[in-house]
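Residue-level structural notes
Here's the letter readout for the chains.
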Amino acid sequence: MKKISLMMICLWLLPALVLGQEDTRSRATSKSMSIKGSVKEQSTRKGIKDVEVTILGKGTVKTDVFGDFRIEAKVGDELVISHDDFATVRYTIKDGQRIDIEVKDNPIQSKSKSISKQKREVTYRDNLNAAKKELKKDASTSIGYITNALETIRDDDPAGASKKAELFETLADIYNFWKQPDLAESNYLISLKNKYNTDVKIKLASAQLESKNYQAALNTFKELLKSRLSSNQKILVYEGIGDSYVGLQNTIEAITSYNKALSLSQRKKNDTKVIGLNSKLAGLLQQQGNIIDAEEYLDNSVQLAQQKDKKTSARQRSVAADFYNKSSSYDKEIQLRKEALEDIKDIKVVKDSVQPLDDDNALTPQVQNYKIANAFAAQEKYDEAITYLDESIKEAASKNDLIVQKDATRKLGEVYREKGELEKASDAFKEYEVIIDKLYVQKDQQISQAARFSRELAQRANRITTLEKDRELNETRYKLAFASQELVNQQSLRQQIIIYFLIGLTVLLLLAAYLMYRNMKQQRYANNLLALKSLRSQMNPHFIFNALNSVNTFIATSDERTANRYLTDFSILMRSVLENSEEDFIPLEKEIELLQVYVQLEHFRFQDKFDYTIDVDPEINIDQYMIPPMLLQPYVENAVWHGLRYKTEKGMLSIKFQEINSDSIEITIVDDGIGRKKSKELKTSNQKRQKSKGMGNIKKRIAILNKMYKDKVDVLVSDPENNAEGTQVKLILKKEI
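This is a predicted model, so every value here is computed, not measured.

Next up on the list: the overall build of the chain. Looking only at helices and strands, the chain features 24 helices and 14 strands. When the 737 residues of the chain are sorted by exposure, 39% land in the buried category. Restricting to contacts in the chain with at least 6 residues of sequence separation, those with at least 24 account for 62%. Roughly 43300 Å² of accessible area belongs to the chain as shown, and the carbon and sulfur atoms make up 52% of that amount.

Okay, here's the thing in C-alpha cells:
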C-alpha cells in the first residue's frame, strides 16, 4: 500500500519537474552573459590586436594588445571574428566558458608583411648610415637617426639583438666623439650585452680611459688579452694598458706595455702607431731622467713622421719640440717648431675647430709662433720673441682664436717689460685686458651652448631609454599573456614527462646491460688469468719431475761429480723459474738465459747424443720484446727427449732468434732427431694412453695469451725442410701487446 502511494506521488510530481527544468533551461538560454576570449596566431601563439568580434544586431568589440576581448552574449549567439590578417571566423556560443580562437595567417597579408619587413630593413639601414654620416657634424641629428632606426626593430626580429648592438655601438661612438665618455661607456656596455664584439670592448676600455677611470680601463684591457685578438687589436690593447698604467703612475709597467705594442707595430709596419708609441716612450723616459734613450725614441718618431704626410710630420715635430722645451733645449725646440710651421703652411686642409693652447697636437700657426716666442724669451732674445709674438697675435686675431691671442698679448707685455720698454708693455697689457673681456663673453656663450648641447643629448638619450623601457614592458606583458597559455599546456607537459621517464628508464636498462657486459668481460679476463696461473703451476712440477729424473740417472750411474754439477745448475734454473712463475710475460733476455741453462743441463746428460747452438741475431733489440716464461723450454725438452736421445749417431739441436721486421722476430727450434712419426712408433702402449702434459699446457697458454693480448705469439710445428729427419718449431713473437 505504501509503495503504491509513493509511485502515485512521483507520477504526480514528474510533469512539474520536467516543466521546471525546461523553464530553467529557457531562462538560462535567454539570459545574457559576459563572454571572455582571445584571438591568437596559430604559428606564434601571439595575441592579435584590433580584431573585430561582432554579434550581428547586438554590437562589436575589438581585441586589446594581448588579443583578449570581452562581449555580452547569450547561448546560441554567433560570433563573427574578422581582421585583415586572416580569413573571417564564425563561432556559435554553447556555454559561458572562455573562448580561445587560433587563426592562420592570410597568405596575401603574409606577403604584405614580408614586404613591410623589407621596408623596415631598408629604413633601419638608411637611418644607421645617416647617423654615421652626421656623427662628426651634428650630435643631435645623428642621435635622432639612431632613435628612428631603433623604432624599426620589432620584438620578433631574429636579428634584433645584432641590430641593437650595432645601434648602441654607433650611439656610443657619437658620445665618444663629442667628449661624453661616461655616456659612451654605458652605451658600449649595452651593445656588448646584446652581442659581444672584441672591437666594441676595446672601445669600452678606451672610454673608461677617457673618463680617467684608469683601474676599470686596465681591468677591461687585461680581460681582452684572454680573448683571441688580431695583431692590430693586440697593439691597441697593449697601448691601452700602457695608458692605464700612466694614469695609475706606474711608469715601469707602462714602459713594458708600450714596448710590447711598439714591437708588434714594427712587425706589422704600422707606422702611425710606431710614431705615437715612440713619443709616449720618450715622454716616460724623460720623466725617469733617461734623456739619452728618450731622445733616441723621439728622433726615431720624427724621422719616421717625415716620411709620412705633412700633417703627421708637423704634429710629431711639435711633440718633439715640447720634449726639448721641458729639457730646456731651446735651440732644438725652435728649429723643430720652424719646420713644423713650414709643414703647416703646406697642409691643404686646416682644422676648423680651435684647439686649446696646451694641446700638443695644436697644428695652428698662432700656437707654434707663440711657443717659438716663449723659447726665445727663455733665452732672453727679446727682439726675436717680439717678432714671433706679433705674428702669433696677428694669426690668432684672423682666426678669432682669443685664447692664443690673450696669452700671446700677455707674453708680449712681459717681454717689453723685461726689455725696459715700459710704454709698449703698458699698451700690450691694456690690449690684454680688452681681449680678456671678449674672451669672457665668448666663454659665457660657449658655456650656454655646452649646457644646451648637454640638454639636447640628455633628451635624446632619454628618448632612447624610454623606447627600450617600453620594449621591455611589452616583453613582460607578453610573458604574462603566455603564462596563462602555459597552464593550458600542463597536460601536454605531463605526457612529455611520462615519455621522458620511459626514455630515461630505457637508457638505464641499456646502461645496466652495458655494465653487465663489462662485468662479464672482466670476469672472463679474470678467468683467463686464473687459467694461466693454473697452467703455470702444472708446468713447474712437470719440469721439476723431468729434471729430477735426470739427477736420478746420474746417481744411478754413480756419476756423483756430474750429479753435483747438474744440481748446481739446476738450482740456478729453479731460482729463475720461481722468480718468473707469477708473470704472464718476462723480458726475452731472461728467457734466453733460462733456455741456455736448461739446454746445458740436458747436454750434461746426453753429451753423446747431441750438440747444440743458440744464435741470437745482433740486429734484435731484445730489451724491447716480452715473452711468456718457459715458453720455449717444452719445445726444446720435446726435441731432446723424443727426438735426439733415440738417435744412434750424434744429433744437432739448433735454436735461432732472427728479426722479421721492426715489430716481430722468429724463433726457430730445429733438431735432426728421429722425427715425430718414429717417436710415436717407439712409445709404449702406456705412453700412448698418456698425453704430453708439457706440450698440452703450452698450447693452452698460447691460446689464452693470444686471446688476451691479440695474437702476440704464433707457433708452427713441422718437419724440417728438404724432407730431412727431425722436427722444426717456429714461433713468431710480436713486440706490441
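Next, the rest of the story.
Our focus in this paragraph is the environment of S576. Relative to the helices and strands, S576 is located in helix α19 (residues 560–580). Separated by 15 residues in sequence, S576 and E591 have C-alpha atoms that sit 9.3 Å apart.

What follows covers the side chain of E591. One can find E591 in helix α20 (residues 588–605). A relative accessible area of 0% places E591 in the buried class.

Read across the sheet, four strands follow the order β3-β2-β5-β6 without closing on themselves; strand pairing throughout is antiparallel. This sheet does not close on itself; its edge strands, each paired only once, are β3 (59–62) and β6 (86–92). The mean inter-strand angle of the sheet, taken between neighbouring strand axes irrespective of direction, is 20 degrees. Bridge count for strand β2 (residues 52–55) against β3 is four bridges, and the pairing is antiparallel. Residue pairing across strands places V53 opposite V61, the latter belonging to β3.

A separate point is the packing of aromatic side chains. A full pass over the atoms with the stated rule returns three aromatic pairs. Summarising the aromatic geometry, the rings of F177 and W178 are spaced 5.4 Å apart at their centres and angled 85 degrees between planes, so their arrangement reads as edge-to-face. A residue is classified by how much of its surface remains accessible, and W178, at 26% relative accessible area, is partly exposed. Ring centres of F376 and Y388 lie 5.8 Å apart, and the angle between their planes is 25 degrees; on these two criteria the pair is classed as stacked. Placement of the pair is F376 in helix α14 (residues 365–378) and Y388 in helix α15 (residues 382–398), with a sequence separation of twelve residues. Overall, F376 belongs to the buried group, its relative accessible area being 8%.

Turning next to the environment of I99. Of note, I99 is situated in strand β7 (residues 99–103). Along the sequence, I99 and S38 sit 61 residues apart, while their C-alpha atoms lie 6.5 Å from each other. Beyond its immediate sequence surroundings of up to four residues, I99 is in contact with I35, K36, G37, S38, L79, Y91 and I93.

It is worth spelling out the pairing of β2 at this point. Taken together, the four bridges between β2 and strand β5 (residues 78–83) define a ladder with antiparallel strand orientation. If you follow E52 over to β5, its bridge partner there is S82.

Further remarks concern the sheet that holds strand β11 (residues 651–661). Pairing is mixed in the open sheet, where five strands are placed in the order β9-β11-β12-β14-β13. Edge strands, defined here as strands with exactly one partner in the open sheet, are β9 (610–616) and β13 (713–718). Ignoring which end each strand starts from, the neighbouring axes of this sheet average 10 degrees apart. The pairing of β9 with β11 spans seven bridges and is classified as parallel. Bridging from a neighbouring strand, D611 pairs with M652 of β11.

Glancing now at the pattern of salt bridges. Counted according to the given criterion, the structure contains 29 salt bridges. The partner of E342 in a salt bridge is K345, and the shortest N-O contact between them spans 4.0 Å. Residue E342 and its partner K345 are located together in helix α13 (residues 330–346), separated by three residues, close to a single helical turn. Given a relative accessible area of 46%, E342 falls into the partly exposed group. For K345, a relative accessible area of 63% gives the class exposed. The partner of E395 in a salt bridge is K399, with the nearest N and O atoms 4.0 Å apart. The class of K399 is partly exposed, set by a relative accessible area of 39%. What you see here is one network of salt bridges that share partners, running through K406, D407, R410, K411 and E414.

For helix α21 (residues 633–644), spanning twelve residues, the distance from its first C-alpha to its last is 15 Å, which sits close to the expected 16 Å at 1.5 Å a residue. Within α21, ten of the twelve residues are buried, which leaves the element mostly enclosed by the surrounding structure. Regarding α21, the residues found buried are Q633, P634, Y635, V636, E637, A639, V640, W641, G643 and L644.

How each quantity is defined
Residues numbered from 1 in each chain as written. Predicted model: local features only at pLDDT ≥ 70, side-chain atom pairs only at ≥ 80, totals over all residues. Heavy atoms only, no water. Helix = DSSP H or I, 4+ residues; strand = E, 2+ residues; numbered from the N terminus. Buried < 20%, exposed > 50% of the residue type's maximum accessible area, 1.4 Å probe, protein only. Contact = heavy atoms within 4.5 Å. Areas by Shrake-Rupley, 256 points an atom, 1.4 Å probe, with all protein chains shown as cover. Pairing = 2+ DSSP bridges. Axes fitted to C-alpha atoms, helices over the stretch in contact; angles between N-to-C directions. Phe/Tyr/Trp six-rings, centres within 6.5 Å; stacked < 30°, edge-to-face > 60°. Salt bridge = Lys/Arg side-chain N within 4 Å of Asp/Glu carboxyl O. Expected span 1.5 Å × (residues − 1).

This is a description of form; function is not addressed.
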